[in-house]
Number of protein chains: 2
Amino acid sequence: MKGAAKMTFSQINSIFEENDCFTILTHKSPDGDTLGCGFALCEFLRNMGKKANVLNSEGFPDRYDFIYEGYYEQDFEEKYVIAVDIADTVLLGHNLERYAKEGAIDLCIDHHISNKNYAKNTYVDAKAPAAALILYKIMRESGKPITKHIAEALYTGIATDTGCFKYENTTPETHRIAAELMEEYDISFAVINRKMFDVKSKARMRVEQGVARHMEYYYDDKCSLIVLSKEAMEESGVDASEFEGLASIPLSVEGVQIGITVKERHENVYKISVRTTEEVDASAFCKNFGGGGHIRAAGCEIHAPLAEVRSMLLMQVDKELNGTKQD
Amino acid sequence: MKGAAKMTFSQINSIFEENDCFTILTHKSPDGDTLGCGFALCEFLRNMGKKANVLNSEGFPDRYDFIYEGYYEQDFEEKYVIAVDIADTVLLGHNLERYAKEGAIDLCIDHHISNKNYAKNTYVDAKAPAAALILYKIMRESGKPITKHIAEALYTGIATDTGCFKYENTTPETHRIAAELMEEYDISFAVINRKMFDVKSKARMRVEQGVARHMEYYYDDKCSLIVLSKEAMEESGVDASEFEGLASIPLSVEGVQIGITVKERHENVYKISVRTTEEVDASAFCKNFGGGGHIRAAGCEIHAPLAEVRSMLLMQVDKELNGTKQD
């Protein structure tokens, strides 16, 4: 609730009980967490006898096909709108802009500290590494059945947002909930993890090689930067969702503290992904360009020609690495 | 104990109590598990007022420097020998061959189903994803203090042997113990994981590109194979321990069920690493060539010219993929 006390899980479960005809919104450039939450919640509500649909501005990438529910509810007059893992209505994307207007979204369940509090009711836990972890706790508290498929969708959200329990955002509770999901619901976690983390198409592998060959290094190799032109991405034949993981490559070189990926969206529109080690705050870095995100992984969009984008970014990197801190 | 009932943790703790001047043996081509166990146990014993040293045939790779204990005990007459994470005395390596003789090793703590039962006392739990997990449970049962450094060494063993909780060998207990290590000992798990899983030297990155470019595909791309010549590995300037992770690359291509890495050791001596998806038993595959290991990750050594090695391997792959099973 806007400005009010934090919602309880049982309040959220009452909302599920008392409403029907749910539309569940997921964010643009969808990832495992927003999709995992979306389809887990959709199935959970349907199993309660409710009608529900999941929407995404760009459709649903093949990469996550194992978490999708089988049908789209046609006979449906939308009555309640829930946003999952969406910090800001700008992340709804072009085709869901109608939900960006004041009062359009009834409930938001999220884990971004930067959440804009745009919904009528909001539950944010910024310490949760994934929105899927919050959603699991809500479902668990309800006492209602969680199916294997729901558990797999939630595990996918948790695993993808923590780099498979690798990143700093992983908490002891994250591990305990993973243990619970494995034990209670017999999830095929290894198959999911292989799909999410280990398998690449031949095309993606070729793209990675190209990326690694064209990596730029700055400031004693503490900063690395790659640029992906629209043309190169299209030519590669790699699905857009497969490009998401590329953002971690610049940071994977020894000694690099800030890794930047610059993806061309349109002419003079670049999407920037920033990944950092503990020395640099990625979220603060991106705020300088009107973006945000998490402390080690954040993003922003810059509207300018490439040369200018690069120099804006590098000036900010210089400030971060050499400006405020004294070695 | 040979052929006797399974040892209990308290029996093992009594052994630690009642003996002194321990030599702890780790396996050749050391990984995070054998080294994590070795140095965790060494520190644990020293904190009990005992003398202890860790030995490895080839020395200790820089990659794991954060888990090494600071000194080598000179004033020392070896009285008790413990092997950690060593399935077979052939894995001791050239410089530790003296321990391969009957009766030389007093205690073995291991998690390989293929353990050869070579020690006077053996504790094997083949369901444990890492020997470090067993060792943690032994230490926990003792009630003696576990330091942050010990906890970090054990976490490293668990994380590296499970691919950071990614692989099928991960159990609910594995997650719960990770949670415990994080909560009780404040381990720097994200720093460790970045070092173990995300960071590569520029040289390693170059090698990976080369590997990906020269990947061979067989049997409708269900099998992929890479060959690393001794010359190429030496020229790359990449530390031998950094080559270990390369074995997972062939399996990382979509649709591949068996990924094989062939590394040249000497002329006509090749070390083979096999990684498989659920369709193929890697351990059984390697047994055909006198090797062994785990169900999804195994290895063997073949003494023959390269062309012959390749054809021996591919004939066996053909049997696996097309022979016994009918589609």
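Whatever comes next refers back to the structure up there.
Note that this is a predicted model, so its numbers are computed, not measured.

1. Thoughts on the environment of S311 of chain B
Residues and elements named next belong to chain B.
Link 1 in the chain: Tracing the chain through its elements places S311 in helix 11 (residues 306-323).
Link 2 in the chain: Of the residues examined, S311 reaches a relative accessible area of 35% and is grouped as partly exposed.
Link 3 in the chain: Each C-alpha atom, one on S311 and one on E69, is 45 Å from the other, the two residues being 242 residues apart in sequence.

2. Some details on the relation of the copies chain A and chain B
Link 1 in the chain: Note on the identical chains: chain A maps onto chain B by a rotation of 180 degrees and an axial translation of 0.0 Å, with an RMSD of 0.0 Å. Taken together, the rotation angle and the small translation identify this as a two-fold axis.
Link 2 in the chain: Take the interface residues of chain A: 100% of them recur as interface residues in chain B, which is what a same-surface contact looks like.

3. A few points about the pairing of strand 4 (residues 107-110) of chain A
Residue and element names in this part refer to chain A.
Link 1 in the chain: Burial of strand 4 is two-sided: the residues L107 and I109 facing one way and the residues C108 and D110 facing the other way are all buried.
Link 2 in the chain: Both strand 3 (residues 80-84) and strand 4 contribute to a ladder of 3 bridges, which runs parallel. Looking across to strand 4, one finds that A83 is bridged to C108.
Link 3 in the chain: Across 4 bridges, the pairing between strand 4 and strand 5 (residues 121-124) is parallel. By the bridge assignment, I109 is partnered in strand 5 with Y123.

4. Some details on the packing of helix 3 (residues 131-142) of chain B against helix 5 (residues 172-185) of chain B
Residues and elements named next belong to chain B.
Link 1 in the chain: Where helix 3 meets helix 5, the axes come as close as 11 Å, and the angle between the chain directions of the two elements is 55 degrees. Between helix 3 and helix 5, the angle falls in the class oblique. Crossing hand, helix 3 versus helix 5: left-handed. Contacts from L133, Y136, K137 and R140 of helix 3 reach helix 5 at E173, T174, I177, E180, L181 and Y185.
Link 2 in the chain: The residue inventory of the contact of helix 3 with helix 5, partitioned by class, reads 5 nonpolar, 1 polar and 4 charged.

5. Concerning the interface of chain A and chain B
Link 1 in the chain: Of the residues lining the interface, 42 residues belong to chain A; the matching set on chain B comes to 42 residues.
Link 2 in the chain: A buried area of about 3,500 Å², summed over both sides, lies between chain A and chain B, and 58% of it is on carbon and sulfur atoms.
Link 3 in the chain: When residues of chain A are sorted by the area they lose upon contact with chain B, K166, H175 and R194 of chain A head the list and together hold 17% of the total.
Link 4 in the chain: Here chain A and chain B share 4 salt bridges between them.
Link 5 in the chain: The partner of R176 of chain A in a salt bridge is E183 of chain B, and the shortest N-O contact between them spans 2.8 Å.
Link 6 in the chain: Where chain A touches chain B, the interface holds 15 residue pairs in polar contact (both at pLDDT 80 or more).
Link 7 in the chain: Broken down by secondary-structure element, the contributors of at least two residues to the side of chain A that touches chain B are helix 5 (172-185), helix 6 (189-198) and helix 7 (202-213) of chain A.
Link 8 in the chain: Sort the elements by how many residues they give to the side of chain A that touches chain B and helix 5 of chain A lands first, with 8 residues.
Link 9 in the chain: The residue makeup of the side of chain A that touches chain B, split by class, is 21 nonpolar, 8 polar and 13 charged.

Reading the values: the criteria
Residues numbered from 1 in each chain as written. Chains lettered and ligands numbered in written order. Predicted model: local features only at pLDDT ≥ 70, side-chain atom pairs only at ≥ 80, totals over all residues. Heavy atoms only, no water. Helix = DSSP H or I, 4+ residues; strand = E, 2+ residues; numbered from the N terminus. Buried < 20%, exposed > 50% of the residue type's maximum accessible area, 1.4 Å probe, protein only. Least-squares fit on C-alpha atoms with pLDDT ≥ 70 in both. Contact = heavy atoms within 4.5 Å. Pairing = 2+ DSSP bridges. Axes fitted to C-alpha atoms, helices over the stretch in contact; angles between N-to-C directions. Parallel < 35°, antiparallel > 145°, perpendicular 65-115°, else oblique. Left-handed = near helix turned anticlockwise from the far one by under 90°. Nonpolar A, V, L, I, M, F, W, Y, C, P; charged D, E, K, R; others polar. Buried area = accessible area lost by both parts, 1.4 Å probe. Salt bridge = Lys/Arg side-chain N within 4 Å of Asp/Glu carboxyl O. Polar contact = N/O pair within 3.5 Å; in protein donor to acceptor, adjacent residues only side chain to side chain.

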